[in-house]
Amino acid sequence: MRSNETIEQINADGLMPPRGKYSHVTIAHGTAYISGQLPVNSEGEPVTSESFAVQAKQTLSNLDACLASARLKRTSLVQVRVYLTDLAHWKEFDEIYGEWIGSHRPARAVAGVNALNHGAALEMEATAVVD
């Protein structure tokens, strides 16, 4: 059991260690904060030359890796934030996300942005409750 008085920093198994000064997941006071995930494969290579669907699925897979490393499930998610460089992809994203999240309905925000690292089409970050 985790203490609510400590801060735990986790880097997800199966993902490249962060190149910057952050952790994939930080847990504090019963809440897990998942850093922005981009469409980058397990070797640390961006898949940004692939289709939007491939990028979205890779990003969701990275979120899954972060959740698993923190011993959490998708149903632990309470908020998901999505950044899209082209809001024309919104409908496609919502369909892919719907298959991924199932019947669970965390709060969600979607924002259009001008650009993302590696030329990615999307980035996602999330907050989850730790049991």
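Everything discussed here concerns the structure shown above.
Residues numbered from 1 in each chain as written. Predicted model: local features only at pLDDT ≥ 70, side-chain atom pairs only at ≥ 80, totals over all residues. Heavy atoms only, no water.

1. Details of the pattern of salt bridges
One pass over the structure, following the stated rule, counts 3 salt bridges. Here D64 ties to R74 by a salt bridge, and the two come within 2.6 Å at their closest N and O atoms. Of this pair, D64 sits in helix 1 (residues 52-69) while R74 sits in the loop between helix 1 and strand 4 (77-84), and the two are 10 residues apart along the sequence. Judged by relative accessible area, D64 falls into the partly exposed class, the value being 23%. (Salt bridge = Lys/Arg side-chain N within 4 Å of Asp/Glu carboxyl O. Helix = DSSP H or I, 4+ residues; strand = E, 2+ residues; numbered from the N terminus. Buried < 20%, exposed > 50% of the residue type's maximum accessible area, 1.4 Å probe, protein only.)

2. As for the sheet that holds strand 3 (residues 31-37)
Pairing in this open sheet of 6 strands is mixed, and the strands run 1-2-3-6-4-5 from one edge to the other. Each having just a single partner strand, strand 1 (7-10) and strand 5 (107-112) make up the two edges of the open sheet. Across this sheet, the average inter-strand angle for adjacent strands is 10°, counted without regard to direction. Of the pairings in the sheet, the one linking strand 1 to strand 2 (residues 25-28) comprises 4 bridges and is antiparallel in character. Directly across from E8, in strand 2, lies its bridge partner I27. Across the sheet, helix 1 lies against strand 1, strand 2, strand 3, strand 4 and strand 6 (122-129), angled at about 25° from strand 6, the strand it touches most. (Pairing = 2+ DSSP bridges. Axes fitted to C-alpha atoms, helices over the stretch in contact; angles between N-to-C directions. Contact = heavy atoms within 4.5 Å.)

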